[in-house]
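Single-letter residue listing:
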Amino acid sequence: MSLRVLLRHGVEIRLTANEFRTLAYLALNKGRVISQTELTEHLYDQDFERDSNVIEVTIARLRRKIGTGIIVTRRGHGYLIPTDDTGPDKNGPDKFGDG
């Protein structure tokens with residue numbers, strides 16, 4: 001399994017490749033709500049079962065690893081990493097990298 005590393009407040013957090021891709025996509029679109037459909041289309045091939053709960057599971061695992069306030073759920077719309085304009089961002093900058 002390929003692991004990636006997130007450096008958060010000087011602490012290395014190991015992420016699976018799927019967790020890393022999900023977090024990176026949300027970070028690249030910071031402040032914009034990303035629907036489950038868009039995440040699924042970006043992360044998986046066309047044969048992926050759209051009714052799968054893999055996105056919810058991935059988001060839950062990310063929250064356990066990086067904290068609950070980073071990824072926000074907009075019920076009925078999707079997920080986002082807030083900016084100053086879209087919600088509280090009390091956690092400061094984070095760095096992503098291969099590990």
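Residues numbered from 1 in each chain as written. Predicted model: local features only at pLDDT ≥ 70, side-chain atom pairs only at ≥ 80, totals over all residues. Heavy atoms only, no water.

### Regarding the overall build of the protein chain
Move 1: For the protein chain, the count of helices and strands is three helices and five strands.
Move 2: Along the protein chain, from the amino end to the carboxyl end, the secondary structure elements read β-β-α-α-α-β-β-β.
Move 3: Per-residue burial over the protein chain gives 32% buried out of 99 residues.
Move 4: Excluding contacts between residues fewer than 6 apart, the proportion of contacts in the protein chain whose partners are at least 24 apart in sequence is 51%.
Move 5: Of the roughly 6,300 Å² that the protein chain leaves accessible, carbon and sulfur atoms contribute 48%. (Helix = DSSP H or I, 4+ residues; strand = E, 2+ residues; numbered from the N terminus. Buried < 20%, exposed > 50% of the residue type's maximum accessible area, 1.4 Å probe, protein only. Contact = heavy atoms within 4.5 Å. Areas by Shrake-Rupley, 256 points an atom, 1.4 Å probe, with all protein chains shown as cover.)

### Topic: the confidence of the model for the protein chain
Move 1: Chain-level statistics for the protein chain give a pLDDT mean of 82 and a share of 78% at 70 or above.
Move 2: Mean pLDDT in the protein chain bottoms out at strand β5 (residues 95-98), which sits at 47, and peaks at strand β4 (residues 78-80), which reaches 96.
Move 3: Predicted confidence is poor over residues 88-96, with pLDDT under 50, and the contacts of this stretch with residues over four places away or in other chains come to 18 contacts. (pLDDT = per-residue confidence, 0-100.)

### Quick word on the pattern of salt bridges
Move 1: Considering all chains together, one arrives at three salt bridges under this definition.
Move 2: With a shortest N-O distance of 2.7 Å, Lys 65 and Glu 19 are connected by a salt bridge. Taken together, the residues Lys 65 in helix α3 (residues 54-66) and Glu 19 in helix α1 (residues 17-28) connect sequence positions 46 residues apart.
Move 3: Residues Arg 32 and Glu 38 are paired through a salt bridge, measuring 2.7 Å at the closest nitrogen-oxygen approach. (Salt bridge = Lys/Arg side-chain N within 4 Å of Asp/Glu carboxyl O.)

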